[in-house]
Amino acid sequence: MQLGTRWAAGTTPPPSVPGHLREAIAQADADAPEGSHWTLTWLEGRALAELDSGVEVVELADGSVVARPWQD
């Protein structure tokens, strides 16, 4: 089982955030609204970091990482 975590945008992600997500998270942090937070969860064993503003940094099944606006 993998547990998620939460941290403030613009700060260093906690060690539980996979290294391959960090560059995309840092890029999204540049445009993050003040006071925003990230939430790290796991879906089918793959990391998903979501910013309060709706940006997602997602690890895809092929191992690549994409940042995208969240959609309902």
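A short tour of the structure in this document, coming up. (Residues numbered from 1 in each chain as written. Predicted model: local features only at pLDDT ≥ 70, side-chain atom pairs only at ≥ 80, totals over all residues. Heavy atoms only, no water.)

This paragraph deals with the pairing of strand β5 (residues 65-69). As defined by bridge partners, strand β4 (residues 55-59) adjoins β5 across 5 bridges and the pair is classed as antiparallel. Its bridge partner lying in β5, E59 is registered against V65. Linking two consecutive strands that pair antiparallel, namely β4 and β5, is a turn of 5 residues; a positive phi of about 90° is found at G63 within it. (Pairing = 2+ DSSP bridges. Helix = DSSP H or I, 4+ residues; strand = E, 2+ residues; numbered from the N terminus.)

Glancing now at the side chain of D29. Topologically, D29 is positioned in helix α1 (residues 19-29). One buried charge, D29, has no salt-bridge partner; the nearest side chain with opposite charge is R22, at 9.3 Å. Those residues in contact with D29 that lie beyond four places of it in its chain are A9, G10, T11 and W38. (Buried < 20%, exposed > 50% of the residue type's maximum accessible area, 1.4 Å probe, protein only. Lys, Arg positive; Asp, Glu negative; His and termini not counted. Salt bridge = Lys/Arg side-chain N within 4 Å of Asp/Glu carboxyl O. Contact = heavy atoms within 4.5 Å.)

Another aspect to go through is α1. Along α1, the residues classified as buried are L21, A24, I25, A28 and D29. Projection of α1 onto a plane perpendicular to its axis shows the buried side chains occupying an angular sector of 145°, all on one side. Those residues of α1 that are exposed and angled more than 90 degrees off the buried face are G19, E23 and Q27. On its buried side, α1 packs onto β1 (5-8), β2 (37-43), β3 (46-51), β4 and β5. (Arc of directions from axis to C-beta.)

So, about the sheet that holds β5. If you trace the 5 strands from one edge of the open sheet to the other, you get β1-β2-β3-β4-β5, paired in antiparallel fashion. One side of each edge strand has no neighbouring strand; the edge strands of this open sheet are β1 and β5. When the angles between neighbouring strand axes are averaged without regard to direction, this sheet yields 20°. Packing against the sheet, α1 makes contact with β1, β2, β3, β4 and β5, and its axis sits at approximately 165° to β4. (Axes fitted to C-alpha atoms, helices over the stretch in contact; angles between N-to-C directions.)

The next point concerns the environment of E59. One can find E59 in strand β4. Relative accessible area serves as the criterion here: at 16%, E59 is assigned to the buried category. As a C-alpha pair, E59 and G45 span 14 residues in sequence and 9.5 Å in three-dimensional space. In contact with E59, other than residues within four places in its own chain, are H20, L21, R46, A47 and S64. Reaching out from E59, the side chain makes a polar contact with the side chain of H20 at a distance of 3.3 Å. (Polar contact = N/O pair within 3.5 Å; in protein donor to acceptor, adjacent residues only side chain to side chain.)

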